[in-house]
Amino acid sequence: MEFGEFILAHNADDLGALALSRERYASEVEDFDLALTTLEVRRKLRLKVPEWYEVPSLRYPFRLSGEQCSSSETAFYKASVAARVGSRIADLTGGLGVDSWAFSRVATEVLYNEMKPELAAAADRNFRELGVENVTVRNCQIEPGNVSEVLDGFEPDIIFLDPARRAEDGRKVFRLEDCQPDVLRLLPELFSAAPLVLLKLSPMADITLVCRQLGSVREVHVVAADGECKELLLLLERGYGSYTTVIYENGSILNVGAEGGIRQPSLRDPSHAPASRLWAPPSYTAEGGHGFANPTLCSNLLLFEPGKALLKAGAFDLPCQFGLEKIGRHTHLYTGQVPEELKPFGKCFEILEVLPLNNKTIKELGKRYPQASVTARNIPITSDQLRKKLGVKDGGSVHIFGLHSDADNSNILLICSTV
């Protein structure tokens, strides 16, 4: 069989049983081990990169590369960021090639480089199978002193790197200096080769720390999908002394504003995608919220719970600029009429009741709401502990928040329903 025919023929097979049937099926395909790995990776890509899943002839030599690759959505977002600042893109840590494939859609020329020869060979073949004609594939090691050798005459407008976040013993790492290649050591060479550098980092990375380590950060993009932070993107340009933070979540873009400091002028257009909305940096911290001692103050109010991307960006007071009020300085929950442009970046609930958090109300609520989602915020117990005290099963349309209100310095329970 052709490789793609074998993949389609065994697409729904039990892979463990298929592996044990090596003697029966190995003669059907040129590389049985590669086919097994490809079948496994394809299942991960079915929803992650559906465009690639639809092409059964693509080859995937390593399981880990399928786990670590970008999704179509996040790859296309990276491509949109890169397309604003250049048309020649060098991807020096190509991996499976999903990012380079997305870059090829918006760039005139793309250089894909991968340090593992098996991945580079697979990517070269896969790009042809996908009909990509503007990507040059190279297989070179990236280390201090050889960036110009890897580029080999290719003059990029922007260089992209996704440093590997695995130590030699397989542990996940998050610090820049522990990733490979070492961007901190490479940065002077990268800036000599291109005016801009785009880095993909773990969503666990400390934004303030990495920006301080790298310097020259122009933009920080917090990229989220399906309610989870997927990655951080840092756009670097020599001479920048502060940065703008942008949140992307499920197709919506929110420009949070500039980090403290004076921005240096740029020769390139610093504007963001047309869908974004620019807000000035927060100039205050909300001091409290509604006086929840009187439940009538909650009528016609919504509760806004920021999503993980907004919290990761540190934009704790941004909802206040939309007219919402913060319940507590450290609670990070907000009330008010939530505008449409803010809704994609969190969850909205209708406040049904406001009760004091004490043993009596806990006992009563457990009887009234045998099933509910429970969240504890800024009170001395965890969400799981509060759920156990209430005696409720997880789930249903009711959400109970236990939290601290600065308005009257008390702990309260908010009984809410999802909007």
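Residues numbered from 1 in each chain as written. Predicted model: local features only at pLDDT ≥ 70, side-chain atom pairs only at ≥ 80, totals over all residues. Heavy atoms only, no water.

Participant: Please set out the overall build of the protein residue by residue, giving values where relevant.
Facilitator: Scanning the protein for helices and strands turns up 16 helices and 16 strands. Looking at the protein as a whole, 52% of its 419 residues qualify as buried. Carbon and sulfur atoms make up 49% of the accessible area of the protein, which totals about 19,200 Å². (Helix = DSSP H or I, 4+ residues; strand = E, 2+ residues; numbered from the N terminus. Buried < 20%, exposed > 50% of the residue type's maximum accessible area, 1.4 Å probe, protein only. Areas by Shrake-Rupley, 256 points an atom, 1.4 Å probe, with all protein chains shown as cover.)

Participant: Break down the sheet that holds strand β16 (residues 410–418) for me, citing the residues and quoting the values.
Facilitator: Here 7 strands make up an open sheet; going across it, the order is β11-β12-β10-β13-β16-β15-β14 and the pairing mixed. Whereas interior strands pair on both sides, the edge strands pair on one side only; in this sheet they are β11 (325–326) and β14 (373–377). Sheet topology note: the strand β10 (residues 302–306)/strand β12 (residues 334–336) ladder contains 3 bridges and is antiparallel. The residue of β12 that forms the bridge with L302 is G336. Sitting on the sheet, helix α16 (residues 383–390) is in contact with β14, β15 (398–405) and β16, with an inclination near 125° to β14. (Pairing = 2+ DSSP bridges. Contact = heavy atoms within 4.5 Å. Axes fitted to C-alpha atoms, helices over the stretch in contact; angles between N-to-C directions.)

Participant: Tell me about the pattern of salt bridges, and name the residues and values.
Facilitator: The final tally for this structure, using the stated rule, is 19 salt bridges. Here R22 makes a salt bridge to D33, at a shortest N to O gap of 2.7 Å. Placement of R22 in helix α3 (residues 22–25) and of D33 in helix α4 (residues 32–48) is noted, with a sequence separation of 11 residues between them. Note on R22: relative accessible area 36%, which makes it partly exposed. As a salt-bridge pair, E40 and R63 come within 2.5 Å of each other at their nearest N and O atoms. Here E40, found in helix α4, pairs with R63, found in helix α6 (residues 63–68); they are 23 residues apart in sequence, far enough to count as distant. We classify R63 as partly exposed; its relative accessible area is 41%. By sharing partners, the salt bridges in this structure join K78, D99, D162, K200 and E231 into a single network. (Salt bridge = Lys/Arg side-chain N within 4 Å of Asp/Glu carboxyl O.)

Participant: Requested: an account of the environment of A224, with residues and values cited.
Facilitator: Within the secondary structure, A224 is located in strand β6 (residues 217–225). Among residues more than four places away in sequence, those in contact with A224 are C229, K230, Y248, E249, N250 and A309.

Participant: For the pairing of strand β3 (residues 135–138), give the residues involved together with the corresponding values.
Facilitator: Relative to β3, strand β2 (residues 109–113) runs parallel, the two being bridged by 4 bridges. Residue pairing for β3: N113 is matched across the bridge by R138. For the segment spanning β2, helix α9 (residues 117–129) and β3, crossover handedness is right-handed. (Right-handed = clockwise from strand over helix to strand, strands pointing away.)

Participant: Before we move on, can you summarise the nonpolar core with the specific residues and values?
Facilitator: One finds L92, L190, L199, L214, L234 and L236 to be the most contacted residues of the largest nonpolar core, which totals 52 residues. Of all the elements, helix α11 (residues 183–193) adds the most residues to this core, at 5 residues. With residues up to four places along the chain from it excluded, the contact list for L92 reads L111, N113, I142, V150, L151, I159, F160, L161 and L190. Formed by 39 residues, the second largest nonpolar core is a distinct cluster that contains V49, V55, V98 and L196. (Core = buried A, V, L, I, M, F, W, Y, C linked by side-chain atoms within 4.5 Å.)

Participant: Can you tell me about the sheet that holds β2, naming the residues and giving the values?
Facilitator: Pairing between sheet strands relies on hydrogen bonds along the backbone, with the strands arranged either parallel or antiparallel. Read across the open sheet, the 9 strands follow the order β3-β2-β1-β4-β5-β7-β6-β8-β9; overall the sheet is mixed. Looking at which strands have only one partner, the edges of the open sheet turn out to be β3 and β9 (252–258). For this sheet, the mean inter-axis angle between neighbouring strands, taken without regard to orientation, is 15°. Bridging between β6 and strand β8 (residues 244–249) involves 6 bridges; their strand directions are parallel. Bridging across to β8, H221 finds its partner in V246.

Participant: So what's going on with the side chain of T361? Which residues, and what values?
Facilitator: Following the sequence through the fold, T361 ends up in helix α15 (residues 359–368). Apart from residues lying up to four places away in sequence, T361 is in contact with L355, P356 and L413.

Participant: An account of the pairing of β14 is needed here, citing residue identities and associated values.
Facilitator: Counting buried positions along β14 gives 5 out of 5 residues, so the element sits mostly inside the fold. Every second residue of β14 is oriented toward a common face, with S373, T375 and R377 on one face and V374 and A376 on the other, all of them buried. Two strands pair when backbone bridges link them, and β14 and β15 are joined in this way by 5 bridges, in the parallel orientation. Directly across from R377, in β15, lies its bridge partner L403.

Participant: Tell me what's going on with the side chain of K200, and back it up with residues and numbers.
Facilitator: Here K200 is to be found in strand β5 (residues 196–201). Residue classification places K200 among the buried positions, given a relative accessible area of 3%. Separated by 3.2 Å, the side chains of K200 and S70 make a polar contact. Of the polar contacts made by the side chain of K200, one reaches the side chain of D162; its length is 3.5 Å. Sequence-distant contacts of K200, defined by excluding residues within four places in its chain, comprise Q68, C69, S70, K78, F160, L161, D162, P163, R165, E231, L232 and L233. (Polar contact = N/O pair within 3.5 Å; in protein donor to acceptor, adjacent residues only side chain to side chain.)

Participant: Break down the packing of α15 against α16 for me, with residues and values.
Facilitator: In contact at an axis separation of 8 Å, α15 and α16 are set at 75° when each is read in the N-to-C sense. Judged by the inter-axis angle, α15 sits roughly perpendicular to α16. Of the residues in α16, those in contact with I362, L365 and G366 of α15 are L386, K389 and L390. Here the contact of α15 with α16 is built from residues that sort into 4 nonpolar, 1 polar and 1 charged. (Parallel < 35°, antiparallel > 145°, perpendicular 65-115°, else oblique. Nonpolar A, V, L, I, M, F, W, Y, C, P; charged D, E, K, R; others polar.)

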